[in-house]
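Coordinate inspection notes
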Amino acid sequence: MAHYELKPERSTLHGHFSRDLPPALMIDSGDTVQFQCIDSGWRLEPFTSPDIRPRAFAERREGELDSGHALTGPVYIRGAKPGMTLAVRVNRLEVGGWGTTFAGGWDCEWNRRLKATTEGTVHVWTLDRVAQTARNQFGHTVSLRPFMGVYGMPPAEPGVHSTVPPRRTGGNIDCKELTVGSTLYLPIEVEGGLFSTGDGHAVQGDGEISVTAIECPVDRVDVTFDLLDDMPLAMPVAQTPVGWLALGFDKDLDEAAALAVEGMLGIMQRIHGLARYDALALASLVVDLRVTQMVNEVRGVHAVLPHGAIK
């Protein structure tokens, strides 16, 4: 199996999803790609203070093509067809040396709910990969648990699609459990898949309640891709170090939760050979529902089945 590298430059960076984006790389099922990703806000260096804007990627295009997260890709997987599933295995992830957390100070639905549109703060973090900690300008220290906020592919519909809301084909999932050792399964809707990643997070809590995590560049994220034609999915699922996950996205939190439960029942039926209502009964005992994020235009919920919960 081959190993490739994909670095962020004008030909590989984009701030939207589209089935019309030309591939930055073409690979086969079973191949591994080593991605490098800049900060999701297109910044190339850290804030020196909350009031001084850092240098950004100079070739960022005006308008909707680069309006979203800075994504590296897309990767075309030969043989990928609509209706198949893409398995995305995360082998290694190394964050850069700095990160930023924003809280309040701009207008969005969530900040309006929290009355945080006019005032805010910027936390500037120094990341220590050896100690696996982050320290901000106020002296606060937190432990790192890095993951990529965006793993995704475009939907079948033509046109330019925002990177902000996650979809059934992935995108801005912002699930903190998608760490090294995880395999994310995504429904494919376009030929070749056209997979991209970005939005590095050094650490984030469930909900992402300030609208940002520690947003950071990622020096390296190694991903292995496999095509599956025997695992049809309505929404993404994942096998992670903590257990199996099923994800649901919708503007309504109740509907997002129901979608996550439906996905989890499918997992339990598949791996344990259960009938639907037996899976539902057992899920009520051992599956947790968690709010993935509240801030990306649609709500996210992930259902978690811990490893070994059913014997």
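Structure first, text after, so check above.
Everything quoted here is computed from the prediction, not taken from an experiment. (Residues numbered from 1 in each chain as written. Predicted model: local features only at pLDDT ≥ 70, side-chain atom pairs only at ≥ 80, totals over all residues. Heavy atoms only, no water.)

Some points on the pairing of strand S4 (residues 32-37)
Taken across its six residues, S4 has five buried, putting it largely inside the fold. By the bridge criterion, five bridges tie S4 to strand S15 (residues 218-228) in an arrangement that is antiparallel. Directly across from Gln-34, in S15, lies its bridge partner Asp-222. (Buried < 20%, exposed > 50% of the residue type's maximum accessible area, 1.4 Å probe, protein only. Helix = DSSP H or I, 4+ residues; strand = E, 2+ residues; numbered from the N terminus. Pairing = 2+ DSSP bridges.)

Overview of helix H2 (residues 253-272)
In an α-helix, one turn spans 3.6 residues, which is why side chains three or four residues apart end up on the same side. For H2, spanning 20 residues, the distance from its first C-alpha to its last is 28 Å, which sits close to the expected 28 Å at 1.5 Å a residue. Three or more residues of H2 are buried, namely Ala-256, Ala-257, Ala-260, Met-264, Leu-265, Ile-267 and Met-268. Close packing links the buried residues of H2 with strand S16 (237-240), strand S17 (243-250), helix H3 (276-286), strand S18 (288-296) and strand S19 (298-306). The N-terminus of H2 is capped by Asp-252, whose side-chain oxygen sits 3.0 Å from the backbone nitrogen of Asp-254. Of the residues trailing H2, Gly-273 is marked for its positive phi of about 65°. (Expected span 1.5 Å × (residues − 1). Contact = heavy atoms within 4.5 Å. Polar contact = N/O pair within 3.5 Å; in protein donor to acceptor, adjacent residues only side chain to side chain.)

So, the sheet that holds strand S10 (residues 141-143)
Either a parallel or an antiparallel arrangement is found when strands of a sheet pair, and the pairing is made through backbone hydrogen bonds. What the four strands build is an open sheet, ordered S7-S8-S9-S10; its pairing is antiparallel. Two strands close off the open sheet at either side, each with one partner strand: strand S7 (98-104) and S10. Put simply, the sheet's adjacent strands are angled 30° from each other on average, direction ignored. Looking at chain direction, S7 and strand S8 (residues 120-128) are connected through seven bridges and run antiparallel. In the strand pairing of S8, Thr-100 is matched with Val-124. (Axes fitted to C-alpha atoms, helices over the stretch in contact; angles between N-to-C directions.)

So, the layout of surface pockets
In this model, the largest pocket occupies a volume close to 840 Å³. His-69, Phe-102, Trp-106, Val-211 and Thr-212 are, among the 37 residues lining the largest pocket, the residues nearest its centre. If you list the elements that add at least two residues to the lining of the largest pocket, you get S7, helix H1 (109-113), S8, strand S14 (193-201) and S18. For the lining of the largest pocket, a count of residues per class yields 11 nonpolar, 16 polar and 10 charged. Of the volumes computed, that of the second largest pocket is approximately 190 Å³. If you go around the second largest pocket, you meet 13 residues; those closest to its centre are Pro-232, Leu-233, Val-237, Gly-263 and Gly-266. For the lining of the second largest pocket, the leading source of residues is H2, giving six residues. Residues belonging to the lining of the second largest pocket are distributed by class as follows: nine nonpolar, two polar and two charged. (1 Å grid on protein atoms, 1.4 Å probe; cavity = no way out; pocket = protein on both sides within 12 Å on 5 of 7 lines; lining within 4 Å. Points joined across faces, edges and corners; volume = space filled by probe spheres on them. Nonpolar A, V, L, I, M, F, W, Y, C, P; charged D, E, K, R; others polar.)

Some points on the state of the cysteines
Overall, the coordinates contain zero disulfides when judged by the stated rule. Cysteine Cys-175 is unpaired, with the sulfur of Cys-216 as its nearest cysteine sulfur at 16 Å. Distance from the sulfur of Cys-216, which forms no disulfide, to the nearest cysteine sulfur (Cys-37) is 9.9 Å. (Disulfide = S-S within 2.5 Å.)

So, the sheet that holds strand S13 (residues 183-187)
Spatially, nine strands are ordered S1-S4-S15-S6-S13-S16-S17-S19-S18 in an open sheet, and the strand pairing comes out mixed. Both outer strands of the open sheet, strand S1 (3-6) and S18, are each paired with one neighbouring strand and no more. Ignoring which end each strand starts from, the neighbouring axes of this sheet average 25° apart. Looking at chain direction, S1 and S4 are connected through four bridges and run parallel. Directly across from Glu-5, in S4, lies its bridge partner Gln-34. Most of the contacts of H2 go to S17, to which it runs at about 145°, and overall it touches S16, S17, S18 and S19.

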